[in-house]
Each structure stands twice: as C-alpha cells, then as structure tokens.
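Listed below, chain by chain, are the residues.
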Amino acid sequence: MNMRKVLGVMLSAFLVAVVLASGAAAVKAQQTSQAFDSEVNLDTQLYLIVATNSDVDDSRLPAALDSVIKQLRSALPFKNYRLAATLVNRVRNEGRLDLRWIGGPFAAPSGTATAATPSFSEFKVGAVKLLRNAEGNPVVQMQRFSFGARIPIVTGTNVAQTGTGFPVINYENTGLNTDISLREGEPVVVGTLNAGPSGDAIILVVSARRTQR
C-alpha cells in the first residue's frame, strides 16, 4: 500500500472518531439538559414553618414533611415547629410564579403580635423548569426564587392617660433570593430567616411535581 492510501485510511479513521465523539457529547448534553414539553404543568408547594422555643398549641405537621423536620431537629436548636402557611400553586413548565398575600402573624403565640397586625408576604419564581439530570432523573429548577415578608415586631409600649398600655409595633422586612434545583416531588429546605427579637425563625420548604391530570 502506497503512502497516499495509508494517509487516506488514517484520515478516514480520524474523521469517524471525531463524528463518534461528537455524537457521544451531544447525547450527554441532551441527558444533562433535556427539557420536558412546555405544556407540562407542575404543582408547587411552599411550606412556611416557624421554629420556636415557645410552646405551641398545634405542632402537627404534614406527613410529607417528616423527613425535613427530622433533619431540622438534628440541625437547629429549637424545641417546637409549627406550620404557618401552605401555598399550593400550579405553573406551566418554563412558566413563572408571582404571589402576594396577607396572613396571620409569623410570631409565636406569645402575645407579641395579634390578628390585627398581620404579616405581608410575597413569593416569586422567575422560571420553573422540569429537566433531566445526567442520570436521567427528573429535576425541577427554580430560577430567581424569591420570598419576602414584612413582619410585625413589638418595639415598646405607649401608655394612655387612662393608664392603659398600647404596644408600639413596627414592620421589619426579611427575605431570601436564590436559584435552586430539587428532585421532583421531594421537599427541600430553601433557607431560614430571622423572625425578630423573639429568636424564632421562618423556615422555607418547597417541593414540585408534575400534575397527574
């Protein structure tokens, strides 16, 4: 075989190797970022949990949070946990969420806040995307996840001429902004927020899964 033929065979083998390598890379990239149909809907759950050292009237929590609460009890020095709110929303794959609401006080039932001084909260997600990871398992990306709340805090007492004391209440801001990824249907702790001088904390837990209908 002359030199020209040898070089031709070597060049052909090299081109085949390049094509195979490119195909393997494309398959791997598809596995790590493969998106689902944009018409798929997802149900999202946001749980707002108050961690406190005070006694609570009702410490029962959803069974879906058992694994999360077990982790929290081993990691955070609080005696009790109570559910302040559960928010369930449906969003289209690659869609966004934007929710504002007025709720009861986040403070533990210690007299520092009442129904007359509710909390003001906001929950946003810039984009919710259902993808597959490198192992082919579905994961949910929440881009520009944002939670904010204005919490009533008692800062003092005013005494009227009648001798009656009235609490002085100021609203303090707390919040969190991040990007997260989570396994489909598995609740995860997004973060904890200080809830004021009481020492309580607000714990954000989120989960998401495809709708069944």
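Preceding block: the structure.
Cut-offs used in this document
Residues numbered from 1 in each chain as written. Predicted model: local features only at pLDDT ≥ 70, side-chain atom pairs only at ≥ 80, totals over all residues. Heavy atoms only, no water. Helix = DSSP H or I, 4+ residues; strand = E, 2+ residues; numbered from the N terminus. Buried < 20%, exposed > 50% of the residue type's maximum accessible area, 1.4 Å probe, protein only. Areas by Shrake-Rupley, 256 points an atom, 1.4 Å probe, with all protein chains shown as cover. Arc of directions from axis to C-beta. Contact = heavy atoms within 4.5 Å. Core = buried A, V, L, I, M, F, W, Y, C linked by side-chain atoms within 4.5 Å. Pairing = 2+ DSSP bridges. Axes fitted to C-alpha atoms, helices over the stretch in contact; angles between N-to-C directions.

**Description of the overall build of the chain**
Link 1 in the chain: Tallying secondary structure elements over the chain gives 2 helices and 8 strands in all.
Link 2 in the chain: In the chain, the succession of α and β elements from N to C terminus is α-β-α-β-β-β-β-β-β-β.
Link 3 in the chain: Looking at the chain as a whole, 34% of its 213 residues qualify as buried.
Link 4 in the chain: For the chain, the accessible surface area stands at approximately 12,700 Å², while carbon and sulfur atoms represent 52% of it.

**Things to note about the side chain of Ser207**
Link 1 in the chain: Mapped onto the secondary structure, Ser207 falls in strand β8 (residues 201-210).
Link 2 in the chain: Taking relative accessible area as the criterion, Ser207 reaches 5% and is therefore assigned buried.

**Remarks on helix α2 (residues 66-75)**
Link 1 in the chain: Regarding α2, the residues found buried are Val68, Ile69 and Leu72. Projection of α2 onto a plane perpendicular to its axis shows the buried side chains occupying an angular sector of 95 degrees, all on one side. The exposed set on the far side of α2, more than 90 degrees from its buried face, consists of Asp66, Lys70, Gln71 and Ser74.
Link 2 in the chain: Looking at the buried side of α2, the elements it contacts are β1 (41-52), β2 (80-92), β7 (188-194) and β8.

**Looking at the nonpolar core**
Link 1 in the chain: Among the nonpolar cores identified, the biggest contains 28 residues, and Leu46, Phe123, Val140, Met142, Phe145, Phe147 and Leu204 are the most heavily contacted of them.
Link 2 in the chain: Secondary structure elements with two or more residues in this core: β1, β2, β3 (95-103), β4 (119-132), β5 (138-159), β6 (165-183), β7 and β8.
Link 3 in the chain: In contact with Leu204, not counting residues within four places along its chain, are Tyr47, Leu48, Phe145, Phe147, Leu176, Val188, Val189, Val190, Gly191 and Leu193.

**Some points on the side chain of Thr211**
Link 1 in the chain: Assignment of secondary structure puts Thr211 in the segment after β8.
Link 2 in the chain: In this structure Thr211 comes out as buried when scored by relative accessible area, which is 17%.
Link 3 in the chain: Those residues in contact with Thr211 that sit more than four places away from it in its chain are Asn41, Leu42, Asp43 and Arg90.

**Things to note about the pairing of β1**
Link 1 in the chain: The buried fraction of β1 is high, at 11 of 12 residues.
Link 2 in the chain: Bridge analysis of β1 against β2 gives 12 bridges, and the strand direction is antiparallel. Along β2, the bridge assignment pairs Tyr47 with Thr86.

**A look at the pairing of β6**
Link 1 in the chain: Examined bridge by bridge, β5 and β6 share 18 bridges and lie antiparallel to one another. Residue Ala149 lies in a different strand from β6, and its bridge partner there is Thr174.

**Brief notes about the sheet that holds β1**
Link 1 in the chain: Spatial ordering of the open sheet is given by β2-β1-β8-β7, a layout of 4 strands whose pairing is antiparallel. The open sheet terminates on both sides in strands that have one partner only, identified here as β2 and β7. The sheet shows a mean angle of 20 degrees between the axes of neighbouring strands, direction not considered.
Link 2 in the chain: Where α2 meets the sheet, its contacts fall on β1, β2, β7 and β8, and the angle it forms with β2 comes to roughly 135 degrees.

**Points about the environment of Phe147**
Link 1 in the chain: In this fold, Phe147 is placed in strand β5.
Link 2 in the chain: The sequence separation of Phe147 and Leu204 amounts to 57 residues, and the corresponding C-alpha distance is 8.7 Å.

**A closer look at unusual backbone geometry**
With the exception of glycine, most residues fall at negative phi, and the peptide bonds are largely trans.
Link 1 in the chain: For Glu94, which is not glycine, the phi torsion reads 75 degrees and is therefore positive.
Link 2 in the chain: Checked against the element boundaries, Glu94 lands in the loop between β2 and β3.
Link 3 in the chain: A positive phi angle, near 60 degrees, is found at Arg144, a position not held by glycine.
Link 4 in the chain: Looking at where Arg144 falls in the secondary structure, it is placed in strand β5.

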